[in-house]
Amino acid sequence: MKRGALRPLLGKTLAALSGTMISGAVWAGYQLNLREPQSALARDVYNMHTLVNLVCLAIFVVVFGAMFFSIWKHRKSAGHQAEHFHENTTVEVIWTVIPFLILIGMAYPATRTVLAMKDTSNPDMTIKVTGYQWKWEYDYLKDGVKFMSTLATPRAQIENRADKGAEYLLEVDNPLVVPVGKKVRVLLTAGDVIHSWWIPELAVKQDAIPGFIRDAWFKSETTGTFRGQCVELCGKDHAFMPIVVKVVSQAEYDAWLASRKQGAASPSSAPLSRAVLNGRPGAAVAAFGGQLSDADIAAAVAFQRNSRDNKVGDMAQPERVASLKPGAEAAARAAR
Ligand SMILES: [Cu+2]
């Protein structure tokens, strides 16, 4: 709490100054505040953060004001002598009771919000989120849709060989898609080390721990794309596993889900085989099509598929790999 304590005030002060001195647009890039809340819970967190900061400011002004005034008013050069009293019951009661009341006043809304954050009952949908070094897996439990979400920022930007994009290190290939206004419960776990799933605008932050299932929830009131990052130091690419949540209307969500289901059911998509074969241009995914035999690629893909969970028998065949190679479809058509 302390570290960010002055941020909103500083932001407001700068905003006020900017109104008189410099145009707002100049300061727009230097906003010092929490991100704009997009859910009732996030708004509670935001408001409480502001309230506690104002309380801190008021205490600071009153305590230091009284101190500096007393020092100045009763200074030795003005002829004042030091007092020699020790106990003063009235003063001691006052400086115990007032801070106690202030603490209760802050603890009450804080406890209420924390309890609301922990209440994952009656969700509209549940998504299992698994952290891996260094990507996230999203599993829509009831719908049978499951996919990996990995960093989409090109290597060239990371290695300073290209200009950084607007969403540098905060962009992924497959964002989590959820409907607006629905209570989404997330079940969090990890496959290797501890990660942590965090979306500031939606006030959801929970550690993902191997061997444990932790839960959290969020309910976005607005559509939009909200971004977060892994917030538990998890290894060398900790900074390269962002989280992107796309909140869409129910109709858009239904359409997305249907297309995802279709993609998963149709063997022609075979995303993993294609990624191993062709790599992912611009990202750090190498192409193995020219280096490994079809049988080796099929074996690697089969291993990947079966090691993700406890299912076995999800096979990939060398013939299938051959059919996915560039030019294979055209050759097949020409042979017909
Ligand atoms: Cu991580």
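Residues numbered from 1 in each chain as written. Predicted model: local features only at pLDDT ≥ 70, side-chain atom pairs only at ≥ 80, totals over all residues.

S.K.: How do you make sense of the overall build of the chain when you look at a structure like this?
M.R.: In terms of helices and strands, the chain carries 10 helices and 10 strands. Counting over 336 residues, the chain shows a buried share of 17%. Residue pairs at least 24 apart in sequence account for 62% of intrachain contacts in the chain once pairs closer than 6 positions are excluded. (Helix = DSSP H or I, 4+ residues; strand = E, 2+ residues; numbered from the N terminus. Buried ≥ 20, exposed ≤ 12 C-beta atoms within 10 Å, placed from the backbone. Contact = placed C-beta atoms within 7 Å.)

S.K.: Is there a simple way to think about the nonpolar core in this case?
M.R.: Most often, soluble globular proteins have nonpolar side chains that are buried together. By size, the foremost hydrophobic cluster in this structure holds 30 residues, and its most contacted members are Val-129, Val-186, Ile-199, Leu-202 and Val-245. Mapped onto this core, the elements with two or more residues apiece are strand E1 (125–132), strand E2 (135–140), strand E4 (176–179), strand E5 (184–190), strand E6 (195–199), strand E7 (204–208), strand E8 (214–218) and strand E10 (242–248). Beyond its immediate chain neighbours, meaning those up to four positions away, Val-186 contacts Ile-127, Val-129, Trp-197, Asp-215, Ala-216 and Trp-217. Grouped together as the second largest cluster of nonpolar side chains are 9 residues, Ala-275, Val-276, Ile-297 and Leu-324 included. (Core = buried A, V, L, I, M, F, W, Y, C linked by C-beta atoms within 7 Å.)

S.K.: I tried to follow the sheet that holds strand E9 (residues 224–229) on my own but got confused; where do I start?
M.R.: In any sheet, the strands associate via hydrogen bonds between backbone groups, in a parallel or an antiparallel arrangement. Across the sheet, which stays open at both edges, the 3 strands sit in the order E4-E10-E9 with mixed pairing between neighbours. A strand with exactly one partner marks an edge of an open sheet, and here the two such strands are E4 and E9. Here the strands of the sheet are splayed against their neighbours by 25° on average, with no regard to which way each runs. The pairing of E9 with E10 spans 6 bridges and is classified as antiparallel. Each bridged residue has a counterpart across the sheet, and for Gly-228 the counterpart in E10 is Ile-243. (Pairing = 2+ DSSP bridges. Axes fitted to C-alpha atoms, helices over the stretch in contact; angles between N-to-C directions.)

S.K.: Got a minute to help me understand the confidence of the model for the chain in this structure?
M.R.: As a general rule, the predicted coordinates of low-pLDDT regions are not to be interpreted in detail. Chain-level statistics for the chain give a pLDDT mean of 85 and a share of 83% at 70 or above. For residues 17–22, every residue scores under 50 in pLDDT, and the model assigns this stretch 4 contacts once sequence neighbours within four places are set aside. (pLDDT = per-residue confidence, 0-100.)

S.K.: Any chance you could explain the sheet that holds E1 here in plain terms?
M.R.: Spatially, E3-E2-E1-E5-E8 is the arrangement adopted by the 5 strands of the open sheet, whose pairing is mixed. What marks the edges here is a single partner per strand, and that holds for strand E3 (145–149) and E8. Geometrically, the sheet is characterised by an average inter-axis angle of 25° between neighbouring strands, direction not taken into account. Summarising the sheet, E1 and E2 pair through 6 bridges and their orientation is antiparallel. Each residue of the ladder has a partner; that of Lys-128, found in E2, is Asp-139.

S.K.: Would you explain the pairing of E1 in this entry?
M.R.: On a regular strand, one side chain projects to one face of the sheet and the next to the other, so that they alternate. Direction of pairing for E1 relative to E5: parallel, over a ladder of 7 bridges. Residue pairing across strands places Met-125 opposite Val-184, the latter belonging to E5. Once E1 ends, the chain turns through 2 residues before running back antiparallel as E2.

S.K.: Would you mind showing me how to read the pairing of E7 here?
M.R.: Pairing analysis gives 5 bridges linking E6 to E7, with the strands arranged antiparallel. Note that in E7 the partner of Ser-196 across the bridge is Asp-207. Where E6 folds back onto E7 in an antiparallel hairpin, the turn is made up of 4 residues, including Ala-203, whose phi is positive at roughly 50°.

S.K.: When you look at unusual backbone geometry in this model, what are you seeing that I'm missing?
M.R.: The general pattern is negative phi for most residues beyond glycine and trans for most peptide bonds. Note that the residue after Gln-133, namely Trp-134, is joined by a cis bond; omega there is 0°. Here Trp-134 is to be found in the loop between E1 and E2. One non-glycine residue, Asn-122, adopts positive backbone phi at about 50°. Mapped onto the elements, Asn-122 comes out in the loop between helix H4 (89–118) and E1. The exposure class assigned to Asn-122 is exposed, which follows from the 8 C-beta atoms found within 10 Å. In this model, Leu-169 sits at a positive phi of 65°, which is unusual for a non-glycine residue. Overall, the presence of 17 C-beta atoms within 10 Å leaves Leu-169 in the partly exposed class.

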